[in-house]
Amino acid sequence: MTMKTITGRQLIGYARVSTDDQEAQLQRDALTAAGCARIFEDKASGKNTDRPELTAVLDHARPGDVLCVWKLDRLGRSLIDLVSIVDGLRERGIGFRVLDGALSSVDTTSADGRLFFQIIAAMAEFERSLIKDRTRAGLEAAKAQGRTGGRPSVVDEDVLTVARARKAKGESVSAIAKALGVSRATLYRHLGENA
């Protein structure tokens, strides 16, 4: 089979539909019309991290190739995820092109497309900063109300009392931790300097 190329580049398509009820024919038609000789297709939610055909197309693509998608949302679960995938392609010398939709000007094989994608990447970085700021503010607000983040401790006062008694009898922290079903590090942290 002869691969279709544009200026020496192999165009590879990726299509995705969210459920078995949906059909990817529109995407396949657009990718074929754009010159993609091979199309990888997933039937999985965009939020699903297990997308075997996405993994396959990323493994298949070689430097100089261009990965094409019908619309931008077919590739990534979020803006941050999308930027991560496309950055990985760029580092490997693989282009990326969106064929249709509001962001169809994304084509990292052209100067305009690279600039546009850099703007998208800056927006993703801004989104990451906002998430960090909101998380930090939420933790500080919870702390001010006397709550702490994280999982509840597996070492309550009863467990700590038993651990201290066993430690006083000369038992090792490792043996106590194993008997109580907690990690040594957790037990050391709760026993403090007495460990």
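It should be noted that the structure appears before, not after, this text.
Parameters at a glance
- Residues numbered from 1 in each chain as written.
- Predicted model: local features only at pLDDT ≥ 70, side-chain atom pairs only at ≥ 80, totals over all residues.
- Heavy atoms only, no water.
- Core = buried A, V, L, I, M, F, W, Y, C linked by side-chain atoms within 4.5 Å.
- Buried < 20%, exposed > 50% of the residue type's maximum accessible area, 1.4 Å probe, protein only.
- Helix = DSSP H or I, 4+ residues; strand = E, 2+ residues; numbered from the N terminus.
- Contact = heavy atoms within 4.5 Å.
- Phe/Tyr/Trp six-rings, centres within 6.5 Å; stacked < 30°, edge-to-face > 60°.
- Lys NZ or Arg CZ within 6 Å of the ring centre and 35° of its normal.
- Axes fitted to C-alpha atoms, helices over the stretch in contact; angles between N-to-C directions.
- Parallel < 35°, antiparallel > 145°, perpendicular 65-115°, else oblique.
- Nonpolar A, V, L, I, M, F, W, Y, C, P; charged D, E, K, R; others polar.
- Salt bridge = Lys/Arg side-chain N within 4 Å of Asp/Glu carboxyl O.

**So, the nonpolar core**
- Judged by nonpolar contacts, the single largest core of 22 residues is most densely connected at Tyr 14, Val 57, Leu 67, Leu 75 and Phe 96.
- Among the elements of the structure, β2 (9-17), α2 (52-60), β4 (66-69), α3 (79-91), β5 (95-98) and α4 (111-144) are those that each provide at least two residues to this core.
- In terms of residue count, the dominant contributor to this core is α3 (five residues).
- Not counting residues up to four positions away in its chain, the partners in contact with Phe 96 are Val 66, Leu 67, Val 69, Leu 72, Leu 75, Val 86, Leu 89, Val 106, Asp 107 and Thr 108.
- In this structure, Val 173, Ile 176, Leu 187 and Leu 191 belong to the second largest nonpolar core, which totals nine residues.

**A word on the packing of aromatic side chains**
- Under the definition given, this model contains zero aromatic pairs.
- The residue whose ring lies beneath Lys 71 is Trp 70, and the NZ or CZ to ring-centre distance is 4.7 Å.

**Here's the deal with the packing of helix α5 (residues 157-168) against helix α7 (residues 184-191)**
- At a closest axis distance of 11 Å, the pairing of α5 and α7 adopts a crossing angle of 90°. Relative to α7, α5 is oriented roughly perpendicular. Where α5 approaches α7, its residues Leu 160, Ala 163 and Arg 164 are matched on the opposing element by Leu 187, His 190 and Leu 191.
- Here the residues of the contact of α5 with α7 sort into four nonpolar, one polar and one charged.

**Brief notes about the environment of Val 173**
- If you trace the backbone, Val 173 turns up in helix α6 (residues 173-180).
- Overall, the relative accessible area of 4% leaves Val 173 in the buried class.

**Some thoughts on the pattern of salt bridges**
- Per the stated rule, a full pass over the model turns up seven salt bridges.
- The salt bridge involving Arg 28 is made with Glu 23; its shortest N-O contact spans 2.5 Å.
- The partner of Arg 90 in a salt bridge is Asp 87, with the nearest N and O atoms 3.8 Å apart. In this pair, Arg 90 and Asp 87 both sit in helix α3, three residues apart, roughly one turn of the helix.
- Given a relative accessible area of 54%, Arg 90 falls into the exposed group.
- Beyond isolated ion pairs, a larger network of salt bridges with shared partners links Glu 23, Arg 28 and Glu 41.

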